[in-house]
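# Observations on chain architecture
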Amino acid sequence: MTVPAAAPDLAVQRLRADFPILRTEVNGHPLVYLDSAATSQKPRQVLDAELDFLTQHNAAVHRGAHTTAAEATDLFEDARAAVAGFVGATPDELVWTSGATMGLNLIAYAIGNASQMGRRAGGRFALRPSDEIVVTVAEHHANLLPWQELAARTGAVLRHIPVHDDGTLDLNAARDIIGERTRVLAFSHVSNVLGLVNPVADLVELARAAGALTVLDACQSAPHLPLDLPALGVDLAVFSGHKMLGPYGIGGLYGHAEVLDDLPPFLTGGSMISTVTLDHAEYLPPPHKFEAGTQPVGPAIGLAAAVRYLDAVGMDAVAAHERIVAERMRDGLREIDGIRLLGDAPGAERVGLWSFEVEGVHAHDAGQYLDARGIAVRVGHHCAAPLHRRFGVAASVRASTALYTTHAEVDMFLDGVRGIRAYFGAGS
Ligand code: PMP
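What counts, and where the lines are drawn
Throughout this description, residue numbers start from 1 for each chain and increase along the sequence as written. Reporting of local features is limited, given that this is a predicted model, to residues whose pLDDT is at least 70; pairs of side-chain atoms are given and counted only at 80 or more, and all residues count toward the totals for whole chains, interfaces and linings. For the side-chain quantities, the full set of heavy atoms in the structure was used; hydrogens and water were omitted. A run of DSSP states H or I qualifies as a helix once it reaches four residues; a run of E qualifies as a strand once it reaches two. Both are numbered from the N-terminal end. Note on method: radius of gyration uses C-alpha positions; expected globular size equals 2.2 Å times residues raised to 0.38. To sort residues, take the accessible area from a 1.4 Å probe on protein chains only and compare it with the maximum for the residue type: under 20% means buried, over 50% means exposed, and anything in between is partly exposed. Throughout, a contact is declared for two residues whenever any of their heavy atoms are within 4.5 Å. Here the open area of atoms and residues is found with the Shrake-Rupley method and a 1.4 Å probe, where only the protein chains shown may cover a residue. Given a helix with a known number of residues, its expected span is that number minus one, times 1.5 Å. It is the directions from the helix axis to the C-beta atoms whose arc is reported. Nonpolar cores were defined as sets of buried Ala, Val, Leu, Ile, Met, Phe, Trp, Tyr and Cys residues, with membership established by side-chain atoms within 4.5 Å. Segmentation of the chain into domains, including their bounds, is taken from an automatic or database domain assignment. Throughout, an axis means a line fitted to C-alpha atoms (over the contacting stretch in the case of helices), and angles, computed between N-to-C directions, take values from 0 to 180 degrees. Angular relationships are summarised with four words: roughly parallel below 35 degrees, roughly antiparallel beyond 145, roughly perpendicular across 65 to 115, and oblique for the angles in between. Left-handed describes a crossing whose near helix is turned anticlockwise from the far helix by less than a right angle; the clockwise case is right-handed. What makes two strands pair is DSSP finding at least two bridges between them. Nearness is judged by heavy atoms alone; a residue qualifies as near a molecule or strand once a single heavy atom is within 4 Å of it. Pairing of N or O atoms within 3.5 Å defines a polar contact, subject to two protein rules: one partner must be a possible hydrogen donor and the other a possible acceptor, and residues neighboring in sequence count only if both atoms are side-chain atoms. Gly falls in the polar group here, along with every residue not listed as nonpolar (Ala, Val, Leu, Ile, Met, Phe, Trp, Tyr, Cys, Pro) or charged (Asp, Glu, Lys, Arg). When two parts are put together, the accessible area they lose, computed with a 1.4 Å probe and summed over both, is reported as buried area. For this document, the term salt bridge refers to a Lys or Arg side-chain nitrogen within 4 Å of an Asp or Glu carboxyl oxygen.

### Description of the overall build of the chain
Tallying secondary structure elements over the chain gives 14 helices and 17 strands in all. For 428 residues, the compact-globule formula gives about 22 Å, and the C-alpha radius of gyration of the chain, at 22 Å, lands near that figure. Along the first, second and third principal axes, the C-alpha atoms of the chain reach 75 × 55 × 35 Å. When the 428 residues of the chain are sorted by exposure, 58% land in the buried category. Taking as baseline every contact in the chain between residues at least 6 positions apart, the subset at least 24 positions apart corresponds to 71%. Roughly 17,500 Å² of accessible area belongs to the chain as shown, and the carbon and sulfur atoms make up 51% of that amount.

Written out as structure tokens, the structure is:
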């Protein structure tokens, strides 16, 4: 596999050559892809890795005594080691999932199963009525609905940490809310609407003092920032392959070894057992205990190629590049009349994404106007309806960058945004 040599400053033009879709045109214009928070584009190296697996080594893993099965197993487990290493974990701490939504549901259902077993058999994860699950108001629905369901199943109470008007988390409120009843604290590392990095260390400290389990949604940090999940001190974390240059249908669930040991499984079936009788089963140790059934082997190998690609570029360089791109975007948007940025907190740590309202123009109209110029943004509530409600906004426009975003693209986007209100006769 060829990957770009590590570079302190991103050689963006060279790197863009690896992404076939970035050479396409949309509506007669070169594609300006500013929707990477929804899904990233994939470099040739990821597509080649999957194709190579499927055409040269495809077989069922962990089964079969034949050579191709052994090759497939080696590639699959090498992929696990690569992806685990990318987030600072060991291979045993990395469970494959189909994506972040699946990972968060796995955790919530496993806790639900523990709760049904009762405190004795379910151990420290069993929830009782009046126990509390805490999330933030800024969560993606994927990190909200599973907890709503779990609360409904167990009688636990779901509580929410608010955000300030500038989008940053209200830590004083968090200090009041997180307490001895808190059993689970689930929050995003980076908001998919605000782009702001949450104060993980403070939240982990509060949760630890309360004896609560921490669950981190790292979907929007994994593609943009160097990540060391064990160093962050969270118990469990999820991320999504398709947002970090990888294929669809694959994601990771990191769990501290002791937590994964103690947590009961969610799905049961083949490949996750050591012995089975008609009445009983013994489960394999983690991570396999959480991987019932045939796994997405090709996508896992593709995701390994993606993290190798990101590693070769260097996550420090990626983060530095995106910081500059984000500032250029913010500076430009601030100067345009009638633009209200969400989460424009001075000096806050953030990734390269901005959501905004265009005064007098519906977000969907703004999105269509930009699309006609080849500029791809996301419009709507971005699966964070409660957060939009918090800001009194029905829908926003979101422009999100990645390592392949150029300054020229940001300028084309800003030119596009400048024309929106005049075109729709707003503010005139
Ligand atoms: N959490 C966040 C913060 C997200 O941005 C997303 C994707 N929009 C998800 C969770 C869901 O991820 P997946 O697509 O892997 O299910």
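### What to know about helix H2 (residues 44-57)
The terminal C-alpha atoms of H2, which comprises 14 residues, lie 19 Å apart, in line with the 20 Å expected from a rise of 1.5 Å per residue. Taken residue by residue, H2 has Gln45, Val46, Ala49, Glu50 and Phe53 as its buried positions. Projected down its long axis, H2 carries its buried residues within an arc of 140°, all on one side. Of the exposed residues in H2, those oriented more than 90 degrees away from the buried face are Leu51, Leu54 and Thr55.

### So, the nonpolar core
Formed by 82 residues in total, the largest nonpolar core has its most connected members in Trp96, Ile161, Ile178, Leu203, Leu387, Leu403 and Tyr404. Here this core gathers at least three residues from each of two domains, domain 1 (9-42 + 314-423) and domain 2 (50-311). Contacts of tyrosine 404, omitting those with residues within four sequence positions, involve Val12, Leu15, Arg16, Phe19, Leu22, Tyr33, Ser36, Ser40, Gln41, Leu245 and Glu409.

### A closer look at the packing of helix H11 (residues 315-334) against helix H14 (residues 407-423)
Axis separation between H11 and H14 bottoms out at 10 Å; the angle between their running directions is 20°. As far as their axial angle goes, H14 and H11 are roughly parallel. Judged by the sense of rotation from one axis to the other, the crossing of H11 with H14 is right-handed. Side by side, H11 and H14 meet where Ile324, Val325, Arg328, Met329, Gly332 and Leu333 of the first sit next to His407, Val410, Asp411, Phe413, Leu414 and Val417 of the second.

### A short note on the pairing of strand E14 (residues 353-358)
Within E14, five of the six residues are buried, which leaves it mostly tucked inside the rest of the structure. Pairing of strand E13 (residues 339-342) with E14, which is carried by four bridges, proceeds in the antiparallel orientation. What sits directly across from arginine 340, in E14, is glutamate 357. In the sheet, E14 pairs with strand E17 (residues 396-400) via four bridges, with the strands oriented antiparallel. Its bridge partner being in E17, phenylalanine 356 is matched across the sheet by valine 397.

### Considerations on the sheet that holds E13
The four strands lie next to each other as E13-E14-E17-E16, forming an open sheet whose pairing is antiparallel. Where the open sheet ends on each side, the last strands, each with one partner, are E13 and strand E16 (378-380). Within this sheet the neighbouring strands show an average axis-to-axis angle of 30°, counted without direction. Direction of pairing for E16 relative to E17: antiparallel, over a ladder of three bridges. For arginine 378, the partnering residue across the bridge sits in E17 and is arginine 398. Against the sheet, helix H12 (residues 363-371) touches E14, E16 and E17, its axis set at about 160° to E16.

### A short note on the site of the ligand
Every residue close to the ligand is listed here: Gly99, Ala100, Thr101, His140, Ala142, Asn192, Asp217, Cys219, Gln220, Ser240, His242 and Lys243. For the ligand, an oxygen atom lies 2.8 Å from a polar atom in the backbone of alanine 100. Here the ligand loses 88% of its free accessible area of 400 Å² to cover by the protein chains. By residue class, the composition of the shell around the ligand is three nonpolar, seven polar and two charged.

### A few points about the domain arrangement of the chain
Assigned domains within the chain: domain 1 (9-42 + 314-423) and domain 2 (50-311). Between domain 1 and domain 2, the C-alpha centre-to-centre distance is 28 Å. Between domain 1 and domain 2, the residue contacts involve 40 residues of the former and 36 residues of the latter. Of the roughly 3,100 Å² buried where domain 1 meets domain 2, counting both sides, 60% is carbon and sulfur surface. In terms of surface lost to domain 2, no three residues of domain 1 exceed Met315, Val351 and Leu387, which account for 21% of the buried area on that side. The interface formed by domain 1 and domain 2 includes one salt bridge. The salt bridge partner of aspartate 165 is arginine 390, with a shortest N-O separation of 2.7 Å. The interface formed by domain 1 and domain 2 holds 26 residue pairs in polar contact (both at pLDDT 80 or more) in total.

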